[in-house]
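So you can see what is in the structure, the chains are spelled out below.
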Amino acid sequence: MLIAQMTDIHIGFEPEARPEELNRQRFRATLDRLLEQPNTPDMLMVTGDITDRGDEDSFTKTAELLDRCPFPVYPLMGNHDSREELLKAFPDTPTNDGFVQYVIEQDGLLIIALDTMEPGRHGGAFCEKRRDWLKSVLSDNEGKPAVIFMHHPPIVSGIEWMDPLDGEAWLVNFADALAGFEDQVQAIHCGHLHRQLNGSFSGIPVSVTPAVAPLVSMDLRPIDSAKPDSRALITTEPATYALHRWHDGKFVSHYERVCDWEVLAYYGPHLQPMIRHMEEEKRID
């Protein structure tokens with residue numbers, strides 16, 4: 001099974017741009033590449049900040065483009081989104097206790113979508129209701145392998161202005177929900193940070209897929225809100241999407257940047273000996 005992931009599209013950042021805002025251009029290019037590349041996903045998880053302002057027009061425009069996908073599309077909440085407008089644009093999206101969180105079960109894998117949005121808050125949120133729901137899902141499906149998708153990464157990356165603090169209440173609640181199920185959850189996949197990075201939470205691998213919108217600069221120096229220092233914050237590094245492969249009980253993630261490149265080698269007769277040699281090598285005990 002292949003699970004595609006896009007995150008942080010931020011449609012509507014420049015709503016008056018003509019002829020088309022940069023974020024929408026990047027989204028079109030990323031979606032085109034996803035649909036043209038040779039690996040057909042079984043589904044697409046869109047892990048939050050679908051829009052920049054949570055407005056109806058931006059959600060409608062995004063949903064119209066995603067309607068091209070010949071596979072199911074599952075949206076998640078980001079801190080820039082609106083639950084009300086997301087559910088209008090994607091009316092089949094399940095909810096629980098008023099939160100946009102749900103479970104998909106396919107090919108022996110539980111795919112758990114979490115809602116980490118709280119209106120007016122930039123950082124993550126995971127209240128007792130959400131904690132108890134996740135704990136119940138894992139308990140009711142004990143022993144079944146699971147993967148979690150959520151917008152906010154539950155880790156401190158070192159990009160200070162984007163990071164949570166260690167020990168924030170939502171992180172404590174999330175850890176409590178996972179307690180005892182660490183071996184069951186294969187991976188946690190997120191967005192929000194607009195950069196690719198890996199870490200771990202409660203011993204579970206955490207991966208962040210880079211944004212479709214422009215990326216956050218990789219600057220790990222401390223930042224002072226009282227002293228602007230003209231550092232780069234946002235860059236036009238290429239948009240990226242992920243393909244997560246679930247096969248034989250193992251989870252592997254691939255990331256592709258969307259930009260122009262040249263093909264330097266095609267698989268023809270001249271490379272057949274190399275491929276054969278590599279095949280034979282794997283048969284050696």
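Structural data are supplied above this passage.
Residues numbered from 1 in each chain as written. Predicted model: local features only at pLDDT ≥ 70, side-chain atom pairs only at ≥ 80, totals over all residues. Heavy atoms only, no water.

Draft legend 1. Structural detail: the sheet that holds strand β1 (residues 2-6). The mixed open sheet is built from 5 strands, whose spatial order is β3-β2-β1-β12-β13. Because the sheet does not close on itself, it has two edges, and the strands there are β3 (73-76) and β13 (250-258). Recorded for the sheet is a direction-independent mean angle of 20 degrees between the axes of neighbouring strands. (Pairing = 2+ DSSP bridges. Helix = DSSP H or I, 4+ residues; strand = E, 2+ residues; numbered from the N terminus. Axes fitted to C-alpha atoms, helices over the stretch in contact; angles between N-to-C directions.)

Draft legend 2. Just helix α1 (residues 22-36), in detail. Relative to the 21 Å expected for 15 residues at 1.5 Å per residue, α1 spans 21 Å between its end C-alpha atoms, a close match to the ideal helical length. The complete set of buried residues in α1 reads Asn 23, Arg 24, Arg 26, Phe 27, Thr 30, Leu 31 and Leu 34. Projected down its long axis, α1 carries its buried residues within an arc of 160 degrees, all on one side. Contacts from the buried residues of α1 go to β1, β2 (43-47), α2 (56-66), β10 (215-216), β12 (239-247) and β13. (Expected span 1.5 Å × (residues − 1). Buried < 20%, exposed > 50% of the residue type's maximum accessible area, 1.4 Å probe, protein only. Arc of directions from axis to C-beta. Contact = heavy atoms within 4.5 Å.)

Draft legend 3. Representation of the packing of α1 against α2. One can describe the packing of α1 onto α2 by two numbers: an axis separation of 11 Å at closest approach and a directional angle of 20 degrees. Here α2 runs roughly parallel to α1, going by the angle between their axes. Between α1 and α2 lies a crossing whose hand is right-handed. When α1 is examined against α2, the residues Arg 24, Phe 27, Arg 28 and Leu 31 are found in contact with a partner set consisting of Lys 61, Thr 62, Leu 65 and Leu 66. In the contact of α1 with α2, the residues fall into 4 nonpolar, 1 polar and 3 charged. (Parallel < 35°, antiparallel > 145°, perpendicular 65-115°, else oblique. Left-handed = near helix turned anticlockwise from the far one by under 90°. Nonpolar A, V, L, I, M, F, W, Y, C, P; charged D, E, K, R; others polar.)

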